[in-house]
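Commentary on secondary and tertiary structure
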Amino acid sequence: MNLAPQITFRNLPPSEAVESSIRDHITKLNRYYDRITSCRVVVEGSTRHHQGNLYHIAIDLRVPGKELVVKRDPGHNQAHEDIYVAIRDAFDTAERELKEFVERQRS
């Protein structure tokens, strides 16, 4: 990736450990497809306290000729009370979308 990723935290304090995990996931995506031109990630804590703290993850990847957007809304998925599970799930989806993009490009 040509530029440093932009990582934003909303409704929760920034965390170096979380940022490190996100950067590791971005590195994995970049190894799969090295033409990613930018990556923005928003990590948002839920403001609904009666549901527990569920995390919302949004990823915006830009590649030549395309923008891939992934928004992981946890709904009622209690596993997303763990921020690392929410990040993993969002990046799994981003990887699938990136692989689909690359396959379409090759054919």
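Our subject is the structure listed above.
Source: prediction; values computed, not measured. (Residues numbered from 1 in each chain as written. Predicted model: local features only at pLDDT ≥ 70, side-chain atom pairs only at ≥ 80, totals over all residues. Heavy atoms only, no water.)

**Comments concerning the packing of aromatic side chains**
Given two aromatic rings, one states the distance between the centres and the angle between the planes to describe the pair. Counted by the stated rule, this structure contains one aromatic pair. Plain terms: the ring middles of Tyr33 and Phe101 are 5.9 Å apart, the flat faces sit at 85 degrees to each other, and that makes the pair edge-to-face. A residue pair is termed long-range when its members are at least 10 positions apart, and Tyr33 in the loop between helix H1 (16–32) and strand E2 (38–45) and Phe101 in helix H2 (residues 83–106) qualify at 68 residues. For the pair Tyr33 and Phe101, one class covers both residues: buried. Lying across the ring of Tyr32, Lys99 places its NZ or CZ 5.4 Å from the centre. (Phe/Tyr/Trp six-rings, centres within 6.5 Å; stacked < 30°, edge-to-face > 60°. Helix = DSSP H or I, 4+ residues; strand = E, 2+ residues; numbered from the N terminus. Buried < 20%, exposed > 50% of the residue type's maximum accessible area, 1.4 Å probe, protein only. Lys NZ or Arg CZ within 6 Å of the ring centre and 35° of its normal.)

**Examining unusual backbone geometry**
Leaving glycine aside, a negative phi is the common case for residues, and trans is the common case for peptide bonds. Located in the positive-phi region is Asn11, a residue other than glycine, with phi close to 65 degrees. Here Asn11 is to be found in the loop between strand E1 (6–10) and H1.

**Quick word on H2**
In this model, H2 (24 residues) spans 35 Å end to end at C-alpha, consistent with the 34 Å of a helix rising 1.5 Å per residue. Residue Asp82 occupies the N-cap position of H2, its side-chain oxygen lying 2.8 Å from the main-chain nitrogen of Tyr84. (Expected span 1.5 Å × (residues − 1). Polar contact = N/O pair within 3.5 Å; in protein donor to acceptor, adjacent residues only side chain to side chain.)

**Considerations on the packing of H1 against H2**
Where H1 contacts H2, the two axes come as close as 10 Å, and the packing angle between them is 15 degrees. One element, H1, and the other, H2, form an angle in the roughly parallel class. With respect to the hand of their crossing, H1 and H2 are arranged in right-handed fashion. Along the contact surface, H1 presents Ala17, Val18, Ser21, Ile22, His25, Ile26, Lys28, Leu29 and Tyr32, while H2 presents Ile83, Tyr84, Ile87, Arg88, Phe91, Ala94, Glu95, Leu98, Lys99, Val102 and Glu103. Residue composition of the contact of H1 with H2, by class: 13 nonpolar, two polar and five charged. (Axes fitted to C-alpha atoms, helices over the stretch in contact; angles between N-to-C directions. Parallel < 35°, antiparallel > 145°, perpendicular 65-115°, else oblique. Left-handed = near helix turned anticlockwise from the far one by under 90°. Contact = heavy atoms within 4.5 Å. Nonpolar A, V, L, I, M, F, W, Y, C, P; charged D, E, K, R; others polar.)

**Section: the side chain of Thr93**
Its location among the elements puts Thr93 in helix H2. Residue classification places Thr93 among the buried positions, given a relative accessible area of 13%. Polar contacts involving the side chain of Thr93 include one to the side chain of Arg96, which spans 3.1 Å.

**Section: the nonpolar core**
In this structure, Ile22, Val41 and Ile59 are the most contacted members of the largest nonpolar core, which totals 28 residues. When contributions to this core are tallied by element, the ones reaching two or more residues are E1, H1, E2, strand E3 (55–63), strand E4 (66–72) and H2. In terms of residues, this core owes the most to one element, H2, which gives nine residues. (Core = buried A, V, L, I, M, F, W, Y, C linked by side-chain atoms within 4.5 Å.)

**Notes on the pattern of salt bridges**
In the structure shown here, the tally under the stated rule is eight salt bridges. Of the charged contacts, one joins Arg62 and Glu67 as a salt bridge, the two residues approaching to 3.4 Å between their closest N and O atoms. Residue classification places Arg62 among the partly exposed residues on the basis of a relative accessible area of 36%. For Glu67, a relative accessible area of 36% gives the class partly exposed. One network of salt bridges, with partners in common, ties together Arg40, Asp60, Arg62 and Glu67. (Salt bridge = Lys/Arg side-chain N within 4 Å of Asp/Glu carboxyl O.)

Without other data, these values stay purely geometric and don't point to any function.
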